[in-house]
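As a plain string of letters, each chain reads:
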Amino acid sequence: MTNNKINQQRVGLGLRREMLDEFCQAVPNEINFFEVAPENWMTLGGKFGRQFRALTEKHEFFCHGLSLSIGSPEPLDLTFVRNVKSFLDLHQISTYSEHLSYCSGRGHMYDLMPIPFTTEAVMHVAQRVKQVEDILERPLILENVSFYAAPGADMSELEFVNAVMQEADCKMLLDVNNIYVNSVNHNYDAIEFLKAMPTNRIAYLHIAGHYEEAEDLIVDTHGADIIDPVWQLLDVCYQTHGVFPTLLERDFNIPSTDELLLEINQIHDYQKRHLASVKRSA
């Protein structure tokens, strides 16, 4: 194990508007931070805007973007990046992550498309990461994404992700569920892939549920409970890379907070167990 920082023992939840009334009254102690997509909150005013500001003043927030389109062949939307910076500054949010994908070309596609796994794409993304970081005055953290086709690939997903992280010299949002989804859809070993991720670049983790369309096709929905193989992969992740802040994603079919806390507390249990193991071996 290569990471045993105690302050990494934190569990977060993706915040949705329907949660505002409840969490402005009280946030359960088990929820250590929230994550939001800035696109969904930057232009909010009125009651929602006031409630959001009240929460950011009291609790830690991460931002996980949707439309930066870091791999697009079109120029970066610099106005958008500056608006994100203003939002991060306003709410004093230091953690900003995005998807290692693209969602725009000559127009916006409203979906996360796979970047071709090529050396040219690695260099393209790395240059754009530096451009974004210069504007944000913050690190840009990139997430490994789920994908359903790999057009024009001349390297594997594993090789591509590691190459981007190395060339861009950036941090990684390691999505454990995405590794499992891709391992089924593209027939590779999830544990082998996980263990090959660069420990020293991991900033935090995502874990979520998904939808099984068929035996060999999983859709990454964030709309269901986490299944046992994904929990087992999280366990291997902590054992291999150490304990990192871990966010529970739930975007659809959102249950009550009490039900969400069952999974949040399960993440806490995994973290405590691995940190206790580190202490015993120290």
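Residues numbered from 1 in each chain as written. Predicted model: local features only at pLDDT ≥ 70, side-chain atom pairs only at ≥ 80, totals over all residues. Heavy atoms only, no water.

Of the two faces of strand 1 (residues 11-14), both are covered, the one formed by Val-11 and Leu-13 as well as the one formed by Gly-12 and Gly-14. Summarising the sheet, strand 1 and strand 12 (residues 246-249) pair through 3 bridges and their orientation is parallel. Counterpart to Leu-13 in the pairing with strand 12 is Leu-248. In this sheet, strand 2 (residues 33-36) lies alongside strand 1 in parallel orientation, the contact comprising 3 bridges. Bridge assignment links Gly-12 to a residue of strand 2, and that residue is Phe-33. Remark: the strand 1/helix 1 (residues 20-25)/strand 2 crossover connection has right-handed handedness. (Buried < 20%, exposed > 50% of the residue type's maximum accessible area, 1.4 Å probe, protein only. Helix = DSSP H or I, 4+ residues; strand = E, 2+ residues; numbered from the N terminus. Pairing = 2+ DSSP bridges. Right-handed = clockwise from strand over helix to strand, strands pointing away.)

One water molecule sets the probe size; rolling that probe over the atoms shows where empty space is left. Under the defined criterion, the tally for this structure stands at 1 cavity of 30 Å³ or more. Roughly 90 Å³ of internal volume is contained in the largest cavity. Looking at the largest cavity, the residues that line it are Leu-100, Pro-114, Ile-115, Phe-117, Glu-143, Asn-144, Val-145, Phe-147, Glu-157, Phe-160 and Val-161. In terms of residues, the lining of the largest cavity owes the most to one element, helix 5 (residues 157-168), which gives 3 residues. (1 Å grid on protein atoms, 1.4 Å probe; cavity = no way out; pocket = protein on both sides within 12 Å on 5 of 7 lines; lining within 4 Å. Points joined across faces, edges and corners; volume = space filled by probe spheres on them.)

Right, let's talk about the packing of helix 3 (residues 78-90) against helix 4 (residues 119-136) for a bit. Taken N-terminus to C-terminus, the directions of helix 3 and helix 4 make an angle of 45 degrees; their axes are 9 Å apart at the nearest point. Taken together, helix 3 and helix 4 sit at an angle that is classed as oblique. The handedness of the crossing between helix 3 and helix 4 comes out as right-handed. Every residue of helix 4 that contacts helix 3 at Leu-78, Val-81, Arg-82, Val-84, Lys-85 and Leu-88 is listed here: Gln-131, Val-132, Ile-135 and Leu-136. Tallied by class, the residues present in the contact of helix 3 with helix 4 amount to 7 nonpolar, 1 polar and 2 charged. (Axes fitted to C-alpha atoms, helices over the stretch in contact; angles between N-to-C directions. Parallel < 35°, antiparallel > 145°, perpendicular 65-115°, else oblique. Left-handed = near helix turned anticlockwise from the far one by under 90°. Contact = heavy atoms within 4.5 Å. Nonpolar A, V, L, I, M, F, W, Y, C, P; charged D, E, K, R; others polar.)

For Glu-137, which is not glycine, the phi dihedral falls at a positive 55 degrees. Positioned with a positive phi, Asn-187 is a non-glycine residue whose angle comes to about 60 degrees. As for its position among the elements, Asn-187 is in the loop between helix 6 (176-185) and helix 7 (190-195).

What follows is about the nonpolar core. In this structure, Leu-15 and Leu-142 are the most contacted members of the largest nonpolar core, which totals 78 residues. Top contributing element to this core by residue count: helix 4, with 8 residues. Beyond its immediate stretch of four places on either side in the chain, Leu-142 contacts Ile-70, Glu-98, His-99, Leu-100, Val-125, Val-129, Val-164, Met-165, Cys-170, Lys-171, Met-172 and Leu-173. Residues Phe-62, Ile-141, Leu-173 and Leu-247 belong to the second largest nonpolar core, which totals 6 residues. (Core = buried A, V, L, I, M, F, W, Y, C linked by side-chain atoms within 4.5 Å.)

Here helix 9 (residues 257-281) contains 25 residues, and its C-alpha end-to-end distance of 36 Å stays within 8% of the 36 Å for a straight helix at 1.5 Å per residue. What helix 9 keeps buried is the set Thr-257, Leu-260, Leu-261, Glu-263, Ile-264, Ile-267, His-268, Tyr-270, Gln-271, His-274, Leu-275 and Val-278. (Expected span 1.5 Å × (residues − 1).)

Remark: helix 4 packs on helix 5, axes separated minimally by 9 Å, with the N-to-C direction vectors making an angle of 40 degrees. What the angle tells us is that helix 4 and helix 5 run oblique. Our pair here, helix 4 against helix 5, has a crossing hand that is right-handed. In contact with Ala-121, Val-122, Met-123, Val-125, Ala-126, Val-129 and Lys-130 of helix 4, helix 5 contributes Phe-160, Ala-163, Val-164, Glu-167 and Ala-168. Its residues placed into classes, the contact of helix 4 with helix 5 shows 10 nonpolar, no polar and 2 charged.

Taking 1.5 Å per residue as the helical rise, helix 4 with its 18 residues ought to reach 26 Å, and the 26 Å between its terminal C-alpha atoms agrees with that figure. The inward-facing, buried residues of helix 4 abut helix 3, strand 4 (95-99), strand 7 (141-143) and helix 5.

Turning our attention to the pattern of salt bridges. Under the definition given, this model contains 10 salt bridges. Linking Lys-85 and Asp-89 is a salt bridge whose minimum nitrogen-to-oxygen distance equals 2.9 Å. Here the residue Lys-85 and the residue Asp-89 both occupy positions in helix 3, the gap between them amounting to 4 residues, near one helical turn. Its relative accessible area of 18% is what places Lys-85 among the buried residues. Assessed through its relative accessible area of 37%, Asp-89 is described here as partly exposed. The residue Asp-225 makes a salt bridge to Arg-250 at a minimum N-O spacing of 3.2 Å. With Asp-225 in the loop between strand 11 (217-219) and helix 8 (228-241) and Arg-250 in the loop between strand 12 and helix 9, this pair connects stretches of sequence that are 25 residues apart. (Salt bridge = Lys/Arg side-chain N within 4 Å of Asp/Glu carboxyl O.)

The subject of this paragraph is the side chain of Thr-246. Mapped onto the fold, Thr-246 is located in strand 12. Engagement of the side chain of Thr-246 in a polar contact is seen with the backbone oxygen of Phe-244, the distance being 2.8 Å. Look past the residues within four positions of Thr-246 in its chain and what remains in contact with it is Arg-10, Val-11, Gly-12, Phe-33, Leu-205, Ile-207, Leu-234, Tyr-238, Ile-267 and Gln-271. (Polar contact = N/O pair within 3.5 Å; in protein donor to acceptor, adjacent residues only side chain to side chain.)

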